[in-house]
Amino acid sequence: MNAAFVARRVVYGLISLAILSAIIFACTHLLPGDAAVTILGEGASSEALAALRARLGLDRSFLAQFLDWLVGLPFGAFGTSTTLNQPAGPIIAERFRNSLALAVTTLGVAAALAIPLGVAAAARRGSRLDGSILAASYVGISIPDFVVAPILIIVLASPPLSLLPSGGFVPFTESFGGWLAHMVLPVIVLTFLLTAHLLRQTRSGMLEVLSCDYIRTARLKGLPERIVLWRHGLRNGLTTTIAVLALDIGYLMGSIVIVEEIFAYPGLGRLMVYSVANRDMPLVQGSALVIGAVYVVANLFADLAQGVLNPRLTRS
Amino acid sequence: MSTLATMSVPRPPRANYYLVIGATLTALALAVGLLGLLYSPYAPAKVDLLHRLAAPSAAHLLGTDRFGRDVLSRVLSGGWRSMTLGFGATALGLAIGLPVALLTGFYRGRLDQIVMRFVDALLSIPTLVFALLVIVGVGPGLPQAVLALGVAASPKFVRIVRSAVLDAAGHDYVTAAKARGEGALYIQYGEILPNVWAPIIVEGSINVGFALMGGAALSYLGLGTQPPHADWGVMINEAQKYISVSFWPLLGPALAICASVVGFNLMGEGLRDRLHLRSSLSDV
Amino acid sequence: MSDALVEIKSLSVSFAVGGVLLPAVRELNLTLSPNEVVGLVGESGSGKSTALLAVMNYLPDNAVVESGSILYRGVDLLRANRATLDTIRGRRIAMIYQDPTTALNPAMAVGAQIAEVLGQHLGMDGEHARARTHELLRLVQLDDPPRIYASYPHQLSGGMRQRVMIAMALACSPDVLLMDEPTTALDVIVQAHVLALVRTLHRQIQSAILFVSHNLGAVAQLADRIGVLYAGELMELGPATRLLEEPQNPYTRGLVSAVPQIAARRLPRGIPGTASREPLRFSHCVFADRCAFAIDLCHTDRPALMDLPSGNHASRCHFAGEPARISADPRGRSASPASARADSGPLLEVSRLSVEYRQGAGFLGLGRARTLRAVRDVSFHLPRRRVLAIVGESGSGKSTLARAILRLEPKVHGRIIFEGEDVYALDAGHLRAYRRRAQIVFQNPTSSLNPRKTVAEIVAKGRYEKMKAKHA
């Protein structure tokens, strides 16, 4: 894999991040109503408002504010939360860690479930197995997380079973068991949805691969179906699957918002909802940026991985 | 006559199943949404404290909620709001995405590159998060939610439509139109657009379902439909606190959402197979 | 033909489409003896590819084998299970495909794709397989085998990929080679090379070859015997030379006279009508509707495949054995020799034309792009009412040249003068006027007509514009 390919991808990623931050910043400055009023309230005097605006840097031009924010980012300076009156950076970092734990676990479980099932369904297209897998995945993507979650809470986290806590969080350092227990239900809900999503995409990716001419060539070379599937099919199917995994991280991040809210899990998603509801701009900007950045980085790695698997893609 | 063991060359799935089931569910959902505008067994806000959280009965087909309000009535009357979220967001997304896709797909070159970089960056924000970003800018509420979801959906449409446009633009009939001296606008809307309807319809159908769900999520979070109005998302939020006592107030809106989403999805998939159906007669 | 290697007996295959059974191959009888080359020719839809795939028992899901068997060394391939087929495919019967680009796995080095056949069937280990693969690559006239071995399909040219496929097919020295239109996807010159290669190899390796093609000329170069298929039925089967020189079936005659002959300076003749895709009935000769010699009998009775007295030659025609009845051509035609037309002044003059492409707009529109010269310093002039043919391989720039003449290329060097005016200097109005007088017919009818418009809309648009201009 050549250096030019890697360099190009990395630069694309950086540019995406730059554009992303511009968009996010722009969104948070859409409405004329400003943060100073939100903080001090409607009845504050105009001098107090002006003073606060100056202190927060709100009286400068849009571009100046943006650049100021942008420059601080690589150093972890996300501004100061207007509602909590603390630096936004550490808050976001901590929440990010918690969300990451959820995301990584979910991704692992979902991939382990969905990829083999998707391959199996594609290999036996039209069979009952395929039909039931397909049906399950349709249902899975149609049930919103905020429906699955309460049901699970009722079943598992309430009397009579009360196996798991219905919400909240225990830090890893305090108690490993507690930490784990609080993650189980959110992960289950997230996995449910992600698996359904991933399943469909793996299946259709594999189906497309299996309809290609080189699969026919492989079979007519006298290779047993097992080898045809694994050596010829999967190698190309994997490329699609990796692309799909990266895309689904975005999907996952979206679901995380709701799920964390339901389970009162202190992650980035919950932070985002809180900060949007309270119009705490620095937090909104910071969380949105981190969420988007996760996606960009994931896609970068996916691109590089695909380049390794299928060298044809490294041509410009 | 016998079909001997043959190696499978993929056959298109039975589109009819998907289409039929999907269309039925969609029609049902639409009926609920529209019907609710006109009629419901009880006034949706009618409180009946004597029959709170009741199980279904002849009087209340889906039970009652924590204020004794009839669940079915609320599902019906709130339905149109959820539908508005779904259709409105999709329409807006297309209204933004379609012209952009036609422009970039037709002109290509530097403009295309820049716009696509932009679109790719937008696509890295999950739809719900993007919607939240817009909401933080314009505030909560039903029309705001439609705007947010619509804007959030447009990059996806640009991507999908653009690849269909690129495909069509590569065909000779576009070159022939240029050779005839046709104007750019005509070529985009008169020659190319008629050929890209298929993916638009498919993705549009599917998106209505997801926008509906996204809208319900926003309402659930308190950022969509505002009280005292209700839609399915709000209903679920209200219901979940009392779920240990009665799950019926949850079930009503949940079923409505699921049925709608499944319906739109299946219809979209069925349409996809129908519109791209290739003859299964292999090239003899 | 007691020592036939492959015997196709009374094969009938139909396809289930939308609840109806469409016949593809009907009662085909064909044998392949060791070492012989049999060509199977026919138009698209004649059933030749289906017959070929049937030999490998690789028919689509909706194919129904209504009757018949295909015997190879005593095994009925149509009734064999996957395990048995796996021992025969690639090892004893191998296939060469039409499109080498899609037939090779893009994610695997080509050498590995050849070596795995050796490993699977001959049990060769890594080292031996690699060495043998190098030998095979040399056999198909590819230089630098180690480099080719490590290459991916996209790094090789079309001709090289086809050679790789041939090497892959020959790896285990199969008895039978099936070739499915192996030259259709290639350029004329590359085609010739590949055919020559196959001819050379055939002398060396002694496999029987079943060669399917719609290109009678290509088949003629290789085949010992030729079978002609029409609408799923074998119309004629006989020794190649005799069949081509004295066809004993009206359809074959039609095919032979449709082959363009450069030296003859005569227009080729087509066969009127098109092959029907409707479910046909067994009650009459399939070709009767288009046959110039058909009589009532042909429309009511299906002729059997009758052996001819000359031996080893059969024809499905009521007039088989009476060549005189089908030799007089009721529609004699010859083109007027081109030189008879009067010459006139130059209409179009192309002077030192060069067209360049920028490929890869660099990075975000910045950076260096590569320039590709599609047309380089071309000059010619075209007088009125004359026909100038521009011939070249793919990539030679002929399409670009044509588009440039119509000013469909954004930027060119050199000049194109039409009736004294520089085409690239015309203003919008004059350009439109020019384009009304200079028109283009594209290669692919399917893609040059907008599928969403009716024929009337497509044709009338031009006319409408013309009329609009007249009355403007």
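Rules used in this analysis
- Each chain carries its own residue numbering, running from 1 in the written order of its sequence.
- Naming scheme: in the order in which they are written, chains are lettered from A and ligands are numbered from 1.
- With the structure being a predicted model, the display of local features is reserved for residues of pLDDT at least 70 and the display and counting of side-chain atom pairs for 80 or more, all residues being used for whole-chain, interface and lining totals.
- Side-chain metrics in this entry use all non-hydrogen atoms of the structure; hydrogen atoms and water are not considered.
- Only runs of H or I of at least four residues qualify as helices and only runs of E of at least two qualify as strands under DSSP, and these elements are numbered from the N terminus.
- Buried residues are those whose accessible area, probed at 1.4 Å on protein chains only, stays under 20% of the maximum for their type, while exposed residues exceed 50% and partly exposed ones sit between those limits.
- Residue contacts are counted whenever heavy atoms from the two residues lie within 4.5 Å of one another.
- Pairing between two strands requires that DSSP report at least two bridges joining them.
- Here the nonpolar core consists of buried residues drawn from Ala, Val, Leu, Ile, Met, Phe, Trp, Tyr and Cys, with membership extended through side-chain atoms lying within 4.5 Å.
- A fitted line through C-alpha atoms serves as each axis, taken over the contacting stretch for helices, and the angle formed by two N-to-C directions is quoted from 0 to 180°.
- Here the buried area means the combined drop in accessible surface, using a 1.4 Å probe, for two parts upon being joined, counting both sides.
- For salt bridges, the criterion is a side-chain nitrogen of Lys or Arg within 4 Å of an Asp or Glu carboxyl oxygen.
- Pairs of N or O atoms are called polar contacts if they sit within 3.5 Å, as long as, within protein, a hydrogen donor faces a hydrogen acceptor (for residues adjacent in sequence, only side-chain-to-side-chain pairs).
- When the centres of two rings from Phe, Tyr and Trp lie within 6.5 Å, Trp using its six-membered ring, the rings pair. Their planes under 30 degrees apart give stacked, over 60 give edge-to-face, and anything left gives tilted.
- Any Lys NZ or Arg CZ found within 6 Å of a ring centre and within 35 degrees of that ring's normal is scored as a charge over the ring.
- In predicted models, pLDDT denotes the confidence assigned by the predictor to each residue on a 0 to 100 scale.
- Helices are assigned an expected span. That span is 1.5 Å times one less than the residue count.
- The angle between axes fitted to the seven-residue stretch ending at a residue and the seven-residue stretch beginning at it gives the bend at that residue.
- To sort the angles, those under 35 degrees are grouped as roughly parallel, those over 145 as roughly antiparallel, those from 65 to 115 as roughly perpendicular, and the leftovers as oblique.
- The hand of a helix crossing depends on one turn: near helix anticlockwise from the far one by less than a right angle means left-handed, and clockwise means right-handed.
- Think of it as three bins: nonpolar holds Ala, Val, Leu, Ile, Met, Phe, Trp, Tyr, Cys and Pro, charged holds Asp, Glu, Lys and Arg, and polar takes everything else, Gly as well.
- Patch construction takes residues with relative accessible area above 30% that form no salt bridge. Like charges are linked within 9 Å, and nonpolar side chains (Val, Leu, Ile, Met, Phe, Trp, Tyr) are linked within 5 Å.
- To measure how exposed things are, a 1.4 Å probe is used in the Shrake-Rupley method; for residues, cover is taken only from the protein chains shown.
- Directions pointing from the helix axis toward each C-beta atom define the arc.

## Quick look at the overall build of chain B
Step number 1: When helices and strands are counted, chain B shows 10 helices and 0 strands.
Step number 2: Viewed in the frame of its principal axes, chain B has a C-alpha envelope of about 75 × 65 × 30 Å.
Step number 3: The buried share of chain B, reckoned over its 284 residues, is 57%.
Step number 4: A separation of at least 24 residues holds for 74% of the contacts in chain B among residues at least 6 apart in sequence.

## Re the sheet that holds strand 5 (residues 75-76) of chain C
Step number 1: Taken in spatial order, the 4 strands of this open sheet run 2-1-4-5 (chain C), and their pairing is antiparallel. Only two strands of the sheet have a single partner each, and these edge strands are strand 2 (20-32) and strand 5 of chain C.

## Notes on the nonpolar core
Step number 1: Counting 111 residues, the largest nonpolar core has Phe146 and Met272 of chain A together with Leu218 and Ile257 of chain B as its most contacted members.
Step number 2: Among the nonpolar cores identified, the runner-up in size contains 105 residues, and Met95, Val110, Val117 and Ile166 of chain C belong to it.

## A look at the sheet that holds strand 8 (residues 208-213) of chain C
Residue and element names in this part refer to chain C.
Step number 1: Read across the sheet, 8 strands follow the order 6-7-8-3-9-10-12-11 without closing on themselves; strand pairing throughout is mixed. Each edge of the open sheet carries a strand with a single partner, namely strand 6 (93-96) and strand 11 (305-307). The sheet shows a mean angle of 20° between the axes of neighbouring strands, taken without regard to direction.
Step number 2: Sheet topology places strand 9 (residues 225-230) next to strand 10 (residues 233-239); 6 bridges connect them, and they run antiparallel. Paired with Arg225 across the two strands is Pro239, which belongs to strand 10.

## A word on the interface of chain A and chain B
Note on interface size: it is often stated as the accessible area lost on association of the parts.
Step number 1: With 44 residues of chain A in contact, the opposing surface of chain B contributes 44 residues.
Step number 2: The contact between chain A and chain B buries some 3900 Å² in all, and 77% of this surface belongs to carbon and sulfur atoms.
Step number 3: Summed over the three residues of chain A that lose the most area to chain B, namely Tyr138, Ser142 and Phe146 of chain A, the buried surface amounts to 16% of that side.
Step number 4: At the boundary of chain A with chain B, the tally comes to 0 salt bridges.
Step number 5: Where chain A packs against chain B, one counts 1 residue pair in polar contact (both at pLDDT 80 or more).
Step number 6: For the side of chain A that touches chain B, the secondary-structure elements that each account for two or more residues are helix 1 (3-28), helix 6 (128-142), helix 7 (145-157), helix 10 (225-262), helix 11 (268-277) and helix 12 (281-309) of chain A.

## Here's the deal with the side chain of Asn249 of chain C
Residue and element names in this part refer to chain C.
Step number 1: Checked against the element boundaries, Asn249 lands in the loop between helix 10 (240-245) and helix 11 (250-257).
Step number 2: Exposure remark for Asn249: the relative accessible area of 1% places this residue in the buried category.
Step number 3: Within polar-contact distance, the side chain of Asn249 engages the side chain of Ser315 at 3.4 Å.
Step number 4: In this view, Asn249 contacts Met235, Glu236, Ser315, Arg316, Cys317 and Ile326; residues no more than four positions away in its chain are not counted.

## Some thoughts on the packing of aromatic side chains
Step number 1: Under the defined criterion, the tally for this structure stands at 7 aromatic pairs over all chains.
Step number 2: A ring pair is formed by Tyr230 of chain C and Phe287 of chain C, whose centres lie 5.2 Å apart and whose planes are at 80°; its orientation type is edge-to-face. With Tyr230 of chain C in strand 9 and Phe287 of chain C in the loop between helix 11 and helix 12 (296-300), this pair connects stretches of sequence that are 57 residues apart.
Step number 3: A relative accessible area of 4% places Phe287 of chain C in the buried class.
Step number 4: Through a chain of ring-to-ring contacts, three or more aromatic side chains come together here, namely Tyr230, Tyr251 and Phe287 of chain C.
Step number 5: One residue, Arg117 of chain B, lies across the ring of Tyr12 of chain A, its end atom 4.0 Å from the ring centre.
Step number 6: Over the face of the ring belonging to Tyr149 of chain C we find Arg130 of chain C, whose NZ or CZ atom lies 4.4 Å from the ring centre.

## Focus: the confidence of the model for chain C
Step number 1: Averaged over every residue, the pLDDT of chain C is 83; residues scoring 70 or more account for 88%.
Step number 2: Taken over the whole predicted complex, pTM reads 0.75, whereas the ipTM for its chain interfaces reads 0.82.

## Some words on helix 5 (residues 88-123) of chain A
Step number 1: Along its 36 residues, helix 5 of chain A runs 50 Å from first to last C-alpha, staying within 8% of the 52 Å computed at 1.5 Å per residue.
Step number 2: The largest bend in helix 5 of chain A is about 25°, located at Ala111 of chain A.

## Quick word on the environment of Gln201 of chain A
Residue and element names in this part refer to chain A.
Step number 1: Within the fold, Gln201 resides in helix 8 (residues 176-210).
Step number 2: Residue classification places Gln201 among the partly exposed residues on the basis of a relative accessible area of 24%.
Step number 3: As a C-alpha pair, Gln201 and Val104 span 97 residues in sequence and 19 Å in three-dimensional space.
Step number 4: Gln201 has contacts with Val244 and Asp248, leaving out every residue within four places of it along the chain.

## So, the packing of helix 6 of chain A against helix 10 (residues 248-275) of chain B
Step number 1: Between helix 6 of chain A and helix 10 of chain B, the least distance of the axes is 9 Å, while the angle of their chain directions is 130°. Put simply, helix 6 of chain A runs oblique to helix 10 of chain B. As helix 6 of chain A packs across helix 10 of chain B, the resulting crossing turns out to be right-handed. Residues Tyr138, Ile141 and Ser142 of chain A of helix 6 of chain A form the contact with helix 10 of chain B, whose own contacting residues are Cys258, Val261, Val262, Asn265, Leu266 and Glu269 of chain B.
Step number 2: Its residues assigned to classes, the contact of helix 6 of chain A with helix 10 of chain B comprises 6 nonpolar, 2 polar and 1 charged.

## Some points on the interface of chain A and chain C
Step number 1: Contacts between the two partners involve 27 residues from chain A and, on the opposite side, 27 residues from chain C.
Step number 2: Carbon and sulfur atoms make up 57% of the surface buried where chain A meets chain C, a total of about 2600 Å² over both sides.
Step number 3: There are 3 salt bridges connecting chain A and chain C.
Step number 4: The salt bridge involving Lys221 of chain A is made with Glu116 of chain C; its shortest N-O contact spans 3.0 Å.
Step number 5: Where chain A packs against chain C, one counts 15 residue pairs in polar contact (both at pLDDT 80 or more).
Step number 6: At the level of secondary structure, the elements contributing two or more residues to the side of chain A that touches chain C comprise helix 1, helix 9 (213-220) and helix 10 of chain A.
Step number 7: With 7 residues, the top contributor of residues to the side of chain A that touches chain C is helix 10 of chain A.
Step number 8: Considering only residue class, the side of chain A that touches chain C consists of 11 nonpolar, 6 polar and 10 charged.

## A closer look at a nonpolar patch on the surface
Residues and elements named next belong to chain B.
Step number 1: Together, Leu34, Leu35, Leu37, Leu38, Tyr39 and Trp80 give the surface a local cluster of nonpolar side chains, amounting to about 660 Å² of exposed area.
Step number 2: Top contributing element to the nonpolar patch by residue count: helix 1 (residues 15-38), with 4 residues.
Step number 3: For Leu35, the position within the fold is in helix 1.
Step number 4: By relative accessible area, Leu35 is classed as partly exposed at 42%.

## Overview of the pattern of salt bridges
Any two side chains of opposite charge can pair, on the condition that their charged atoms come close.
Step number 1: Tallied over the full model, the rule gives 32 salt bridges over all chains.
Step number 2: With a shortest N-O distance of 2.9 Å, Glu225 of chain A and Arg82 of chain C are connected by a salt bridge. Here Arg82 of chain C lies in helix 2 (residues 82-88) and Glu225 of chain A lies in helix 10, a pairing that spans two chains.
Step number 3: Taking the relative accessible area as the measure of exposure, Glu225 of chain A reaches 28% and is therefore partly exposed.
Step number 4: For Glu356 of chain C, the salt bridge identified is with Arg373 of chain C, shortest N-O distance 3.0 Å. Residue Glu356 of chain C is located in strand 13 (residues 346-359), and its partner Arg373 of chain C is located in strand 14 (residues 370-383); the two are separated by 17 residues in the primary sequence.

## Digging into the environment of Glu36 of chain C
Residues and elements named next belong to chain C.
Step number 1: For Glu36, the position within the fold is in the loop between strand 2 and strand 3 (37-41).
Step number 2: A relative accessible area of 13% places Glu36 in the buried class.
Step number 3: Note: C-alpha distance between Glu36 and Ala16 (20 residues apart in sequence) is 34 Å.
Step number 4: In contact with Glu36, other than residues within four places in its own chain, are Thr31, Ala208, Ile209, Asp224 and Arg225.
Step number 5: Within the structure, Glu36 has its side chain in polar contact with the backbone nitrogen of Ser33 (distance 3.0 Å).

## Concerning unusual backbone geometry
All names here are of chain C.
Step number 1: The phi angle at Arg352 is positive, at roughly 50°, despite the residue not being glycine.
Step number 2: Note that Arg352 resides in strand 13.
Step number 3: Residue class for Arg352 comes out exposed when judged on its relative accessible area of 54%.
Step number 4: One non-glycine residue, Arg385, lies in the positive phi region at around 55°.
Step number 5: When you line up the elements, Arg385 lands in the loop between strand 14 and helix 13 (398-405).

## Some details on helix 13 of chain C
Step number 1: Looking at helix 13 of chain C, one finds that the buried residues are Thr400, Leu401, Ala404 and Ile405 of chain C. Summarising the axial view, the buried residues of helix 13 of chain C lie within an arc of 135°, below the 170-degree limit, and thus occupy one face.

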